[in-house]
Amino acid sequence: EAGVTQFPSHSVIEKGQTVTLRCDPISGHDNLYWYRRVMGKEIKFLLHFVKESKQDESGMPNNRFLAERTGGTYSTLKVQPAELEDSGVYFCASSQDRMDGETQYFGPGTRLLVL
Amino acid sequence: AQSVTQLGSHVSVSEGALVLLRCNYSSSVPPYLFWYVQYPNQGLQLLLKYTSAATLVKGINGFEAEFKKSETSFHLTKPSAHMSDAAEYFCAVTPRGPDGNQFYFGTGTSLTVIP
């Protein structure tokens with residue numbers, strides 16, 4: 001069974017440009033999460049999809065970030081326009097159910113550097 | 001809000017020595033607790049998790065963790081370190097109940113194993 005995949009693995013862009021990150025969850029997983037780790041700090045929650053619906057987007061830093069999950073399969077996270085402080089590693093995770101204590105399975109992350 | 005503290009951002013041990021990575025959580029109600037490991041260029045891999053059964057949890061690769069409610073701790077141990085254990089380790093929690101979906105992470109501990 002394929003795990004969570006993310007594309008690209010690395011992205012280097014200039015301030016003001018747009019970047020789109022993609023996440024493919026494990027097949028059959030309705031729940032999809034985005035997290036971000038800024039260098040040296042903890043991994044922080046951004047948002048949670050259940051199928052195509054945003055269940056919780058309380059962690060989204062501002063309106064420059066737009067997440068979508070059309071059709072309830074893969075998800076994209078767009079940053080427009082990118083700022084220096086957006087640099088970090090963006091992780092995607094998925095889980096099958098919303099049961100208490102459900103394990104989340106993480107992808108390898110996308111390393112974003114904004115210059 | 002939940003918070004997770006991992007004491008020691010960098011830990012070095014000799015090959016064959018005991019590995020002890022510390023994790024403390026902040027909530028008054030014990031959450032679900034997880035340890036993840038990230039090897040270079042890979043995603044976060046689940047090592048073990050505590051739900052509410054035995055307080056001593058055994059995971060993969062010889063790791064185990066003990067939940068201690070009185071100390072609000074969930075420290076990770078391995079009796080004998082191998083070179084292949086060199087990685088970054090993350091402690092994470094998620095609250096029990098309907099709000100328990102997002103994970104809260106510690107800042108991570110990078111483990112170096114010295115030959």
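Residues numbered from 1 in each chain as written. Chains lettered and ligands numbered in written order. Predicted model: local features only at pLDDT ≥ 70, side-chain atom pairs only at ≥ 80, totals over all residues. Heavy atoms only, no water.

## Concerning the pairing of strand E6 (residues 53-56) of chain A
Alright, step 1. One ladder, built from three bridges, connects strand E5 (residues 43-50) of chain A with E6(A); its direction is antiparallel. When the bridges of E6(A) are listed, A:Phe49 appears paired with A:Lys54. (Pairing = 2+ DSSP bridges. Helix = DSSP H or I, 4+ residues; strand = E, 2+ residues; numbered from the N terminus.)

## Brief notes about the packing of aromatic side chains
Alright, step 1. This model, assessed by the stated rule, comprises 17 aromatic pairs over all chains.
Alright, step 2. With centroids separated by 5.3 Å and ring planes inclined at 75 degrees, the aromatic side chains of A:Phe106 and B:Tyr36 adopt a geometry described as edge-to-face. Remark: B:Tyr36 occurs in strand E5 (residues 32-38) and A:Phe106 occurs in strand E10 (residues 105-106); the pair is interchain, linking two chains.
Alright, step 3. The class of A:Phe106 is buried, set by a relative accessible area of 7%.
Alright, step 4. Here B:Phe103 and B:Phe105 contribute two aromatic rings whose centre-to-centre distance is 6.2 Å and whose plane-to-plane angle is 45 degrees, an arrangement assigned as tilted. For the pair shown, B:Phe103 and B:Phe105 are each scored as buried.
Alright, step 5. An aromatic cluster is present here, built from A:Tyr33, A:Tyr35, A:Phe45, A:Phe106, B:Phe34, B:Tyr36, B:Phe90, B:Phe103 and B:Phe105 joined pairwise through their rings. (Phe/Tyr/Trp six-rings, centres within 6.5 Å; stacked < 30°, edge-to-face > 60°. Buried < 20%, exposed > 50% of the residue type's maximum accessible area, 1.4 Å probe, protein only.)

## Notes on the state of the cysteines
Alright, step 1. Within the structure shown, the criterion is met by two disulfides over all chains.
Alright, step 2. A sulfur-sulfur separation of 1.8 Å characterises the disulfide bridge that pairs A:Cys23 with A:Cys92. The sign of the -65 degrees torsion about the S-S bond sets the A:Cys23-A:Cys92 disulfide as left-handed. You can see A:Cys23 sitting in strand E3 (residues 19-24) and its partner A:Cys92 sitting in strand E9 (residues 88-95), a full 69 residues away along the chain. Each member of the pair A:Cys23 and A:Cys92 is classed as buried.
Alright, step 3. In this model B:Cys23 forms its disulfide with B:Cys91; the gap between the sulfur atoms is 1.9 Å. The S-S bond linking B:Cys23 to B:Cys91 shows a torsion near -60 degrees; that makes this disulfide left-handed. Of this pair, B:Cys23 sits in the loop between strand E3 (19-21) and strand E4 (24-25) while B:Cys91 is found in strand E10 (residues 87-94), placing the two residues 68 residues apart along the sequence. (Disulfide = S-S within 2.5 Å.)

## Quick look at the sheet that holds E3(A)
All names here are of chain A.
Alright, step 1. Strand order across the open sheet formed by four strands is E1-E3-E8-E7, with antiparallel pairing between neighbours. Bordering the open sheet on either side are strand E1 (5-7) and strand E7 (65-68), each of which pairs with just one other strand. Here the strands of the sheet are splayed against their neighbours by 15 degrees on average, with no regard to which way each runs.
Alright, step 2. Note: E7 against strand E8 (residues 75-79), four bridges, orientation antiparallel. Within E8, the residue paired with Phe 65 across the bridge is Val 79. (Axes fitted to C-alpha atoms, helices over the stretch in contact; angles between N-to-C directions.)

## Quick word on the interface of chain A and chain B
Alright, step 1. Chain A puts 21 residues into the contact, and the matching count from chain B is 22 residues.
Alright, step 2. Taking both sides of the interface into account, the surface hidden between chain A and chain B amounts to around 1800 Å²; carbon and sulfur atoms contribute 49%.
Alright, step 3. In terms of surface lost to chain B, no three residues of chain A exceed A:Ile43, A:Asp100 and A:Phe106, which account for 28% of the buried area on that side.
Alright, step 4. Residue B:Glu88 pairs with A:Arg37 through a salt bridge whose shortest N-O separation is 2.9 Å.
Alright, step 5. Connecting chain A to chain B are five residue pairs in polar contact (both at pLDDT 80 or more).
Alright, step 6. The set of elements that each furnish at least two residues to the side of chain A that touches chain B consists of strand E4 (31-37) and E5 of chain A. (Contact = heavy atoms within 4.5 Å. Buried area = accessible area lost by both parts, 1.4 Å probe. Salt bridge = Lys/Arg side-chain N within 4 Å of Asp/Glu carboxyl O. Polar contact = N/O pair within 3.5 Å; in protein donor to acceptor, adjacent residues only side chain to side chain.)

## What to know about the environment of B:Pro79
All names here are of chain B.
Alright, step 1. For Pro 79, the position within the fold is in the loop between strand E9 (73-78) and E10.
Alright, step 2. For Pro 79, a relative accessible area of 61% gives the class exposed.
Alright, step 3. For the pair Pro 79 and Glu 66, spaced 13 residues apart in the sequence, the C-alpha separation amounts to 13 Å.
Alright, step 4. Setting aside residues no more than four positions away along its own chain, Pro 79 makes contact with Gly 16, Ala 17, Leu 18 and Gly 62.

The values reported here are purely geometric and, on their own, carry no functional implication.
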